[in-house]
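Structure at a glance
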Amino acid sequence: MQKTALSTRLVRQGWIAPTAMALLITLLLFDPLHDSIGQHMSESIAASWWSAIAIRILPCVMGASIVLFGFGCIGKGRGWSWTGLAAILFGAAMISAGIVPTGSPLHGLYGMAVFSIFVPAFFVAEFPVSKTMRQVSLAASFLGLIYMWPLFIGLDPPDYRGLTQRLSTVVSFGWFAFAARAKI
């Protein structure tokens, strides 16, 4: 009984990740040295001093929340959890994005943020969820694929790459707000 209560709390705290992402997106909108349409969020390290601090701290907060969410999913399952593994790997990528500057392959741990696509799909495959949660989760995974594919092959429009990144993060991180409320 104690294990279930802890697992539930770990899943429920998943709202912290999208809140931290929303805070980062909002802060960067007000930085005159950062172009939110044309620059990725990680590039704010070269913007105002407060953006440089936020881009170090908030991804670590997001990553820690996602890692804890992953451990909660592992605790909820009846064995190994693909959702938990994917979330832990995605969370680790976010933590490294806060610690390691952009330009290094360790920023995002060699592209492990791609696991963000799998978390929602694995979640609905492993846990009994409502029809609405199933549709939202599958849509989040599909939209993540739509974003990642052009990114990986170099087709992300250079003048709008900040905008495409932000739209993608609203979907992928917003999903955690829904999942934290799901009855699993």
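Criteria and thresholds
- Residues numbered from 1 in each chain as written.
- Predicted model: local features only at pLDDT ≥ 70, side-chain atom pairs only at ≥ 80, totals over all residues.
- Heavy atoms only, no water.
- pLDDT = per-residue confidence, 0-100.
- Helix = DSSP H or I, 4+ residues; strand = E, 2+ residues; numbered from the N terminus.
- Patch = residues over 30% accessible without salt bridge, like charges linked within 9 Å, V, L, I, M, F, W, Y side chains within 5 Å.
- Areas by Shrake-Rupley, 256 points an atom, 1.4 Å probe, with all protein chains shown as cover.
- Salt bridge = Lys/Arg side-chain N within 4 Å of Asp/Glu carboxyl O.
- Buried < 20%, exposed > 50% of the residue type's maximum accessible area, 1.4 Å probe, protein only.
- Polar contact = N/O pair within 3.5 Å; in protein donor to acceptor, adjacent residues only side chain to side chain.
- Contact = heavy atoms within 4.5 Å.
- Phe/Tyr/Trp six-rings, centres within 6.5 Å; stacked < 30°, edge-to-face > 60°.
- Axes fitted to C-alpha atoms, helices over the stretch in contact; angles between N-to-C directions.
- Parallel < 35°, antiparallel > 145°, perpendicular 65-115°, else oblique.
- Left-handed = near helix turned anticlockwise from the far one by under 90°.
- Nonpolar A, V, L, I, M, F, W, Y, C, P; charged D, E, K, R; others polar.
- Core = buried A, V, L, I, M, F, W, Y, C linked by side-chain atoms within 4.5 Å.

**Quick notes on the confidence of the model for the protein chain**
Residues with a pLDDT of 70 or more make up 97% of the protein chain, whose mean pLDDT is 92. The secondary-structure element of the protein chain with the lowest mean pLDDT is helix H1 (residues 2–12), recorded at 86, while helix H2 (residues 16–29) shows the highest, at 98.

**Some words on a nonpolar patch on the surface**
Nonpolar side chains collect at one region of the surface, where Ile 37, Tyr 160, Leu 163 and Leu 167 lie side by side and expose about 370 Å² of accessible area between them. Looking at where Tyr 160 falls in the secondary structure, it is placed in the loop between helix H6 (131–152) and helix H7 (161–181). Of the residues examined, Tyr 160 reaches a relative accessible area of 47% and is grouped as partly exposed.

**Some points on the side chain of Ser 36**
You can see Ser 36 is positioned in the loop between H2 and helix H3 (49–76). Given the relative accessible area of 9%, Ser 36 is considered buried. Separated by 3.4 Å, the side chain of Ser 36 and the backbone oxygen of Leu 28 make a polar contact. Those residues in contact with Ser 36, other than ones at most four positions away along the chain, are Leu 28, Leu 29, Gly 162, Leu 163 and Arg 166.

**Considering the packing of aromatic side chains**
Taken as a whole and judged by the stated rule, the model has eleven aromatic pairs. Judged by centre distance (6.2 Å) and plane angle (25°), the ring pair of Phe 90 and Phe 176 falls under stacked. In this pair, Phe 90 sits in helix H4 (residues 82–99) while Phe 176 sits in helix H7, placing the two residues 86 residues apart along the sequence. With relative accessibility at 2%, the residue Phe 90 sits in the buried group. Aromatic side chains Phe 123 and Trp 175 sit 5.2 Å apart centroid to centroid with 85° between the ring planes, which places their arrangement in the edge-to-face category. With Phe 123 in helix H5 (residues 118–126) and Trp 175 in helix H7, this pair connects stretches of sequence that are 52 residues apart. The exposure class of Phe 123 is buried, given its relative accessible area of 0%. Note on Trp 175: relative accessible area 1%, which makes it buried.

**Observations regarding the packing of H6 against H7**
Each pair of packed helices gets described by two things: the angle between the helix axes and the distance between those axes. One can describe the packing of H6 onto H7 by two numbers: an axis separation of 10 Å at closest approach and a directional angle of 155°. What the angle tells us is that H6 and H7 run roughly antiparallel. At the point where H6 passes H7, the crossing takes the left-handed sense. For the pair H6 and H7, contact is made by Met 133, Val 136, Ser 137, Ala 140, Leu 143 and Tyr 147 and by Thr 164, Gln 165, Ser 168, Val 171, Trp 175, Phe 178 and Ala 179, respectively. In terms of residue class, the contact of H6 with H7 is made up of nine nonpolar, four polar and no charged.

**Examining the nonpolar core**
Grouped together as the largest cluster of nonpolar side chains are 31 residues, with contacts concentrated most on Leu 24, Met 62, Ile 66, Phe 69, Phe 123, Phe 173 and Trp 175. If you tally residues by element for this core, the top one is H3, at seven residues. Non-local contacts of Phe 69, meaning those with residues more than four positions away in its chain, are made with Leu 10, Val 11, Gln 13, Gly 14, Thr 83, Ala 87, Val 119, Phe 123, Trp 175, Phe 176 and Ala 179.

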